[in-house]
Amino acid sequence: MGEEGEKLSTTVAEASDAGHATHSVPSGAATAGGRGGAKPGSSRADRVSSYELADFPALTGREEDWRFTPLNRLAGLHLPEGDEARLTGPAPALTVSESDGVRVETVGRSDARLGSAFTPDDRVSAAAWASFTEATVVTIGSGVEVDAPVRIEIAGTSEEVAAQHLLVIAEPNSRADVVIRHTGNARVAQNVEFDVQEGAGLNVTSLQAWEAGAVHVSAQQVKVGKDARIKHVAVSYGGSLVRLTPTTRLAGQGAETEMFGLYFADAGQHLEQRLFVDHAVANAKSNVLYKGALQGQDAHAVWVGDVLIRKEAEGTDSYEKNQNLVLSEGTRVDSVPNLEIETGLIDGAGHASSTAQFDDEQLFYLMARGIEEKDARELIVRGFLNEIIQKIGIADIEEGLLDQMDSELQVANF
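Presented here is an overview of the structure given in this document. (Residues numbered from 1 in each chain as written. Predicted model: local features only at pLDDT ≥ 70, side-chain atom pairs only at ≥ 80, totals over all residues. Heavy atoms only, no water.)

## Side note on the overall build of the chain
The number of helices and strands found in the chain is 4 helices and 17 strands. Sequence-distant contacts in the chain: of pairs separated by 6 or more residues, those separated by 24 or more amount to 85%. For the chain, the computed accessible surface area is about 16500 Å², with 45% contributed by carbon and sulfur atoms. (Helix = DSSP H or I, 4+ residues; strand = E, 2+ residues; numbered from the N terminus. Contact = heavy atoms within 4.5 Å. Areas by Shrake-Rupley, 256 points an atom, 1.4 Å probe, with all protein chains shown as cover.)

## A word on the side chain of Asn 191
Counting through the fold element by element, Asn 191 comes out in strand E6 (residues 175-196). On the accessibility criterion, Asn 191 (1% relative accessible area) is buried. Polar side-chain contacts of Asn 191 include one of 3.0 Å to the backbone oxygen of Ser 125. Not counting chain neighbours up to four residues away, the residues in contact with Asn 191 comprise Phe 118, Ser 125, Ala 128, Trp 129, Gln 164, His 165, Leu 166 and Ala 219. (Buried < 20%, exposed > 50% of the residue type's maximum accessible area, 1.4 Å probe, protein only. Polar contact = N/O pair within 3.5 Å; in protein donor to acceptor, adjacent residues only side chain to side chain.)

## Section: the packing of aromatic side chains
All told, the structure shown has 4 aromatic pairs when counted by the stated rule. Between the aromatic rings of Trp 129 and Phe 132, the centroid separation amounts to 5.5 Å while the plane-to-plane angle is 65 degrees, which identifies the pairing as edge-to-face. As far as burial versus exposure is concerned, Trp 129 and Phe 132 are alike and both buried. In this structure an aromatic cluster arises from ring pairing among Tyr 51, Phe 118, Trp 129 and Phe 132. A cation over an aromatic ring shows up here: Arg 109 above the ring of Phe 132, its NZ or CZ 4.5 Å from the ring centre. (Phe/Tyr/Trp six-rings, centres within 6.5 Å; stacked < 30°, edge-to-face > 60°. Lys NZ or Arg CZ within 6 Å of the ring centre and 35° of its normal.)

## Focus on helix H4 (residues 395-410)
For an α-helix, the turn length of 3.6 residues means that residues three or four places apart are oriented alike. Compared with an ideal rise of 1.5 Å per residue, which puts 16 residues at 22 Å, H4 spans 23 Å between its outermost C-alpha atoms and is within 8% of the ideal. Along H4, the residues classified as buried are Ile 397, Glu 398, Leu 401, Met 405, Glu 408 and Leu 409. Each buried residue of H4 lies within a common arc of 110 degrees when the element is viewed along its axis, so the set occupies one face. Exposed residues lying more than 90 degrees from the buried face of H4 are Ala 395, Asp 403 and Gln 410. Elements that come into contact with the buried residues of H4 comprise strand E5 (150-170), E6, strand E7 (201-208), strand E9 (229-236), strand E11 (256-265) and helix H3 (373-389). (Expected span 1.5 Å × (residues − 1). Arc of directions from axis to C-beta.)

## So, the packing of H3 against H4
The contact between H3 and H4 brings their axes to 11 Å, and the two run at 150 degrees. With respect to each other, H3 and H4 are oriented roughly antiparallel. Seen along the crossing, H3 lies across H4 with a hand that is right-handed. Between H3 and H4, the contacting residues are Glu 378, Val 381, Arg 382, Leu 385, Asn 386 and Ile 389 on the first element and Glu 398, Leu 401, Leu 402, Met 405, Asp 406, Leu 409 and Gln 410 on the second. Split by residue class, the contact of H3 with H4 holds 7 nonpolar, 2 polar and 4 charged. (Axes fitted to C-alpha atoms, helices over the stretch in contact; angles between N-to-C directions. Parallel < 35°, antiparallel > 145°, perpendicular 65-115°, else oblique. Left-handed = near helix turned anticlockwise from the far one by under 90°. Nonpolar A, V, L, I, M, F, W, Y, C, P; charged D, E, K, R; others polar.)

## Comments concerning the pairing of E6
Counting buried positions over the 22 residues of E6 gives 18, a clear majority of the element. Across 18 bridges, E5 lies against E6 in parallel orientation. By the bridge assignment for E6, Ile 154 is matched with His 182. Both E6 and E7 contribute to a ladder of 8 bridges, which runs parallel. By the bridge assignment for E7, Val 178 is matched with Val 204. (Pairing = 2+ DSSP bridges.)

## Remarks on empty space enclosed by the protein
Once rolled over the atoms, a probe with the size of a water molecule shows which space is left empty. Taken as a whole and judged by the stated rule, the model has 5 cavities of 30 Å³ or more. As a volume, the largest cavity reaches approximately 110 Å³. In terms of lining, the largest cavity is formed by 13 residues, of which the most central are Arg 44, Arg 47, Asp 65, Thr 245 and Arg 274. Secondary structure elements with two or more residues in the lining of the largest cavity: strand E10 (241-250), strand E12 (270-279) and strand E14 (300-309). Of the residues belonging to the lining of the largest cavity, the class tally is 3 nonpolar, 2 polar and 8 charged. (1 Å grid on protein atoms, 1.4 Å probe; cavity = no way out; pocket = protein on both sides within 12 Å on 5 of 7 lines; lining within 4 Å. Points joined across faces, edges and corners; volume = space filled by probe spheres on them.)

## Describing H3
With 17 residues, H3 extends 24 Å from end C-alpha to end C-alpha; this agrees with the ideal 24 Å at 1.5 Å per step. Where H3 is buried, its residues touch E9, E11, strand E13 (285-294), strand E15 (317-326), helix H2 (360-367) and H4.

## What to know about the pattern of salt bridges
According to the stated counting rule, one finds 22 salt bridges in the structure shown. The salt bridge involving Asp 111 is made with Arg 113; its shortest N-O contact spans 3.0 Å. Using a relative accessible area of 27% as the deciding quantity, one classes Arg 113 as partly exposed. One salt bridge connects Arg 229 with Glu 258, and the closest N-O pair in it is separated by 3.2 Å. Residue Arg 229 is located in strand E9, and its partner Glu 258 is located in strand E11; the two are separated by 29 residues in the primary sequence. Linked by salt bridges that have partners in common, Asp 122, Arg 243, Glu 272 and Arg 274 make up one network. (Salt bridge = Lys/Arg side-chain N within 4 Å of Asp/Glu carboxyl O.)

## Re the nonpolar core
Counting residues in hydrophobic clusters, the biggest one holds 54 residues, and the most contacted among them are Ile 152, Phe 194, Val 196 and Leu 202. A per-element tally of this core places E6 first, with 8 residues. Each residue touching Leu 202, except ones within four places of it in the same chain, is listed here: Ile 140, Val 168, Ala 170, Ala 176, Val 178, Phe 194, Val 196, Arg 229, Ile 230 and Lys 231. (Core = buried A, V, L, I, M, F, W, Y, C linked by side-chain atoms within 4.5 Å.)

## Observations concerning the packing of H2 against H3
In the contact formed by H2 and H3, the axes pass within 9 Å of each other and the chain directions differ by 125 degrees. Classified by the angle between their axes, H2 and H3 sit oblique to one another. Along this stretch, H2 crosses H3, giving a crossing that reads as right-handed. Where H2 approaches H3, its residues Gln 362, Leu 363, Leu 366 and Met 367 are matched on the opposing element by Glu 373, Ala 376, Arg 377, Leu 379 and Ile 380.

Set out below in C-alpha cells:
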C-alpha cells in the first residue's frame, strides 16, 4: 500500500506540500490573531472555541469542519431550528464499574470541574454543552493504580435527540485503563473530557458499537499535564452516522499522547474521524495512527488529522498516519492530514496518508503457498486491522473485536 506524506525535522528550512496536506512554517513570530500573513481562519488555532452556542452559526455544509458530513443525517443534533432550541431527549444510560480508588459522581452543570479540559469547538459540541442538565464525573485518585479496566457502559434506548456529558479525571501519578462502550440506539450529541494531570497515565478505549440506526456525534477532548501520558483508541463499526472529534492538548512539558483508531464502514454507513493534536508546550510527543476498511455501496469514511506545533513548542516530536483499505466498489474515502508548524526547533514532525485496494504482491505471495484467494484476502484485512486492535491491551476487548472483524468479513464480496 503506497503512502503520500512527508517527514520534517530541524534540517528543513521551509515547508513543502505533500498531497493534500497543509503546512505553515512562518519565518517570524506568529500569533492566532495574525499568523505571518496567513488567511484568517486558515490556521487550526484560529477556529472558534466557545461555551456560547450563538458563537457558532447555523451550519450550511460549506464549513471546513463539516464539508464531508451529510447534515441531513445529523437528526437535528446541530439545532438547525435556531440557537434557542435544545436537545431535550433522554441521554443514553451510563453505568460505571466499581473499582477501588475510583470515584463516580453525578453532578449538575454548575459543577466547577466541568469544562476544565473541554471547550466546545463546533456547533454540535456547543449544542451538547448548552443542553445537558447533569454530567457524570469519574475520578481516578491521586497515586492510584487501578488493576482492572474501568468500564463505562453507555446504552441508548431512545430516538429523541439528546445531549450527554462525561468527565474523566486522572489525578497526579495515577494509572488506569478506561473502556467506554456505546451500544443500543440513540441520537446523541456527546461531550467527553479527560483531565490527565501531572505524572498520570491513562489508556482510553472508545467503542462505537451502536445498532444500525444510531446517530452519534462525540467531541472527546484531552488535556495532558506535565510528564503525563494518554493512549486513546477509537473503534467505530456501528451506527448509521458516527462522527468523532478526538482532541489532545499537550499542556505540560514532557506530555505524551498516542491516538489510535480503527473503523469498518459497511454499505450506507458514514464514519468520520476529525483529530486535533495541539502542541502548546516544549518537549512533548504525539503519535497518531488510524486505519479503516470499507465495503458496500455508499460506505463513506472520513479522516481529517490536524497537528499544530506552536511557536513555543520547541523539541516537539510528532507523526500522524492514516491508512484505508477499500474492499469493494461504491465506497468513498476522504483522508486529509494537515501539519502546521510555527517553529523550526523541533525533533521531528511528519504525516502520511494512503487509500488502496489489495496489494497484488501480498495476494500473490499467499496464493503461491496454496491459500485460496478469498482466504488470502481475509488474512490481509485481519493483519491490516489487527495492528490497531493489539494496541488496546485488554484481552477480552481485543478478542471481541477480532470476532467482530470476522463477522464483517463474512459479508465481504471478495
